[in-house]
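Structural description and commentary
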Amino acid sequence: MELRKDPITRSWVVVGHRERPPVAAEPCPLCPGQESLSKTVFVLPETGEWQVRVIPHFDPLYRIESEAARQAEGIYDRMLPLGAHEILIETREHHLRTSQMPDEAIERILDAYAHRIRDLKLDLRFKYVTVFKNCGPLAGEEWSHSHSQITATTFVPRRILYELRAARDYFQQKERCVFCDILRQEERQGKRLVDTEGEYLAFCPYASRVPYEVWLIGRKHNHQFETPRPGARRRDLAALLGRTLRRLGQVAADYHLVVHTAPNTQHTKAELSDYWKTLAEDYHWHIEILPIVEQRSKSYSIKEVYFNALPPEQAAERLRQIDPGAV
Ligand SMILES: [Zn+2]
Ligand SMILES: [Zn+2]
Ligand SMILES: [Zn+2]
């Protein structure tokens, strides 16, 4: 496998076959009792029976042991897929979905996300750490046992790069964080708001790409998900995420979830630290949830324009009406 850069859009594409023979799906390799299949990268709690366990991916897209060394091929750029690819097992219970977990269990998962992001950012070769979750067969989940995935890459993924540049440009013009401005307007108008808990809110973004797209964000400015502000209560975020997933479960069983946080600013390239010098003020972490309610419209694949038949104002109203219940 190798990474190739599109010289026009500047996005990196992993090209090639995955290399390892697949791990047997039966018995479930993520269940307790199967620990010998993989080494343990991280567990919570630190003592006693694990409740959240992070392991290297059985067939990783990115590998720690390879070298990133970029090579030119005429006008093109390529590199080996240096990085990390991990599976975060969210629970010991095979059939328990994230939406069915109590707040404290969801909080433990969010804590594990933060731990892994912080730890992987200590490797200065990695420019970005992505935490995501594909839930359900339509989302392309690899195992039905609740899990998230973590990748660390030597490049910043394209969508994040767009967000970073746009946030920096907005800040240069207005000296304000665009995400703070968005959430203040959403709170004031209320029509796309889904739910709030403590200092966190869930809303359908103005230009939702798919029906029932929901973002979770904190009211208080912070660019790094992994470093909570003093006094921030991650339990509130966990409660809001649980309720949001239960609401979404009534309209779409499957979804993608991704945490968007700031890139790794600790690496040594001086030009980049200058490039991102207002990052802490201009970027704002958030969680994006993209439910899958219909096959993606053909117009997307051909023209790369999203077509979403459900206005986010209607989506938010419907989601507000759904009783998220209790676990
Ligand atoms: Zn299992
Ligand atoms: Zn902000
Ligand atoms: Zn985002």
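Quick look at the structure, then. (Residues numbered from 1 in each chain as written. Chains lettered and ligands numbered in written order. Predicted model: local features only at pLDDT ≥ 70, side-chain atom pairs only at ≥ 80, totals over all residues.)

Remarks on the overall build of the protein
Scanning the protein for helices and strands turns up 8 helices and 14 strands. Computed over its C-alpha atoms, the radius of gyration of the protein comes to 20 Å, within 12% of the 20 Å expected for a compact globule of 327 residues. For the protein, the spread of C-alpha atoms along the three principal axes comes to 55 × 50 × 45 Å. Taking the intrachain contacts of the protein between residues at least 6 apart in sequence as the baseline, contacts between residues at least 24 apart amount to 71%. (Helix = DSSP H or I, 4+ residues; strand = E, 2+ residues; numbered from the N terminus. Rg over C-alpha atoms; globule rule 2.2 N^0.38 Å. Contact = placed C-beta atoms within 7 Å.)

Points about the environment of aspartate 169
If you trace the backbone, aspartate 169 turns up in helix 2 (residues 158–174). For aspartate 169, a count of 12 C-beta atoms within 10 Å puts it in the exposed group. (Buried ≥ 20, exposed ≤ 12 C-beta atoms within 10 Å, placed from the backbone.)

Quick look at unusual backbone geometry
In this structure, the amide linkage connecting leucine 44 to the following residue, proline 45, adopts the cis form with an omega of -10°. Its place among the elements puts proline 45 in the loop between strand 3 (42–44) and strand 4 (52–56). One non-glycine residue with positive phi stands out, namely arginine 10, at about 65°. With respect to the helices and strands, the residue arginine 10 is situated in the loop between strand 1 (2–5) and strand 2 (12–15). Of the residues examined, arginine 10 has 11 C-beta atoms within 10 Å and is grouped as exposed. Although it is not a glycine, tyrosine 212 sits at a positive phi angle of roughly 70°. Along the chain, tyrosine 212 falls in the loop between strand 11 (200–203) and strand 12 (214–218).

Concerning the environment of tyrosine 200
You can see tyrosine 200 is positioned in strand 11. The buried category is assigned to tyrosine 200, around which 24 C-beta atoms lie within 10 Å. Taking the C-alpha atoms as reference points, tyrosine 200 and glutamine 172, 28 residues apart in sequence, are found 26 Å from one another. Dropping the residues within four chain positions of it, tyrosine 200 is found in contact with Leu216, Ile217, Gly218, Asp236, Leu237 and Leu240.

Quick notes on the packing of helix 1 (residues 103–121) against helix 4 (residues 234–249)
Orientation of helix 1 relative to helix 4, taken along the N-to-C sense of each, is 110°, at an axis distance of 8 Å. With respect to helix 4, the axis of helix 1 lies roughly perpendicular. Two packed elements cross with a definite hand, and for helix 1 against helix 4 that hand is right-handed. On helix 4, the residues touching Asp103, Ile106, Glu107, Leu110 and Asp111 of helix 1 are Arg234, Arg235, Leu237, Ala238, Ala239, Leu241 and Gly242. (Axes fitted to C-alpha atoms, helices over the stretch in contact; angles between N-to-C directions. Parallel < 35°, antiparallel > 145°, perpendicular 65-115°, else oblique. Left-handed = near helix turned anticlockwise from the far one by under 90°.)

Digging into the sheet that holds strand 10 (residues 193–197)
The 10 strands are arranged 3-4-7-9-8-13-14-12-11-10 in an open sheet whose pairing can be described as antiparallel. Because the sheet does not close on itself, it has two edges, and the strands there are strand 3 and strand 10. Sheet twist, expressed as the mean angle between neighbouring strand axes with direction ignored, is 20°. Summarising the sheet, strand 8 (residues 128–135) and strand 13 (residues 255–260) pair through 5 bridges and their orientation is antiparallel. The residue bridging phenylalanine 132 from the neighbouring strand is valine 258, located in strand 13. The sheet strands contacting helix 3 (residues 178–189) are strand 10, strand 11, strand 12 and strand 14 (286–291), and the helix crosses strand 11 at an angle near 75°. (Pairing = 2+ DSSP bridges.)

Brief notes about the sheet that holds strand 5 (residues 71–73)
Spatially, the 4 strands line up as an open sheet ordered 2-1-6-5, and their pairing is antiparallel. Each of the sheet's edge strands pairs with one partner strand only, and the pair in question is strand 2 and strand 5. Within the sheet, the average angular offset between the axes of one strand and its neighbour, ignoring direction, is 35°. As paired elements, strand 1 and strand 6 (residues 76–79) share 3 bridges and run antiparallel to each other. When the sheet's bridge partners are listed, lysine 5 is paired in strand 6 with aspartate 77.

Remarks on the pairing of strand 6
The side chains of a regular strand alternate between both faces of the sheet. Direction of pairing for strand 5 relative to strand 6: antiparallel, over a ladder of 3 bridges. Paired with alanine 72 across the two strands is aspartate 77, which belongs to strand 6. What sits between strand 5 and strand 6 in their antiparallel hairpin is a turn of 2 residues, with glycine 74 showing a positive phi close to 65°.

Quick word on helix 3
Compared with an ideal rise of 1.5 Å per residue, which puts 12 residues at 16 Å, helix 3 spans 16 Å between its outermost C-alpha atoms and is within 8% of the ideal. Those residues of helix 3 that sit buried are Phe179, Leu183 and Glu186. Down the axis of helix 3, the buried set is contained in an arc of 60°. They therefore lie on one face. Of the exposed residues in helix 3, those oriented more than 90 degrees away from the buried face are Arg184, Gln185, Arg188 and Gln189. Tucked inside the fold, the buried residues of helix 3 contact strand 10, strand 11, strand 12 and strand 14. Following helix 3 by one or two positions, glycine 190 adopts a phi angle in the positive range, close to 75°. (Expected span 1.5 Å × (residues − 1). Arc of directions from axis to C-beta.)

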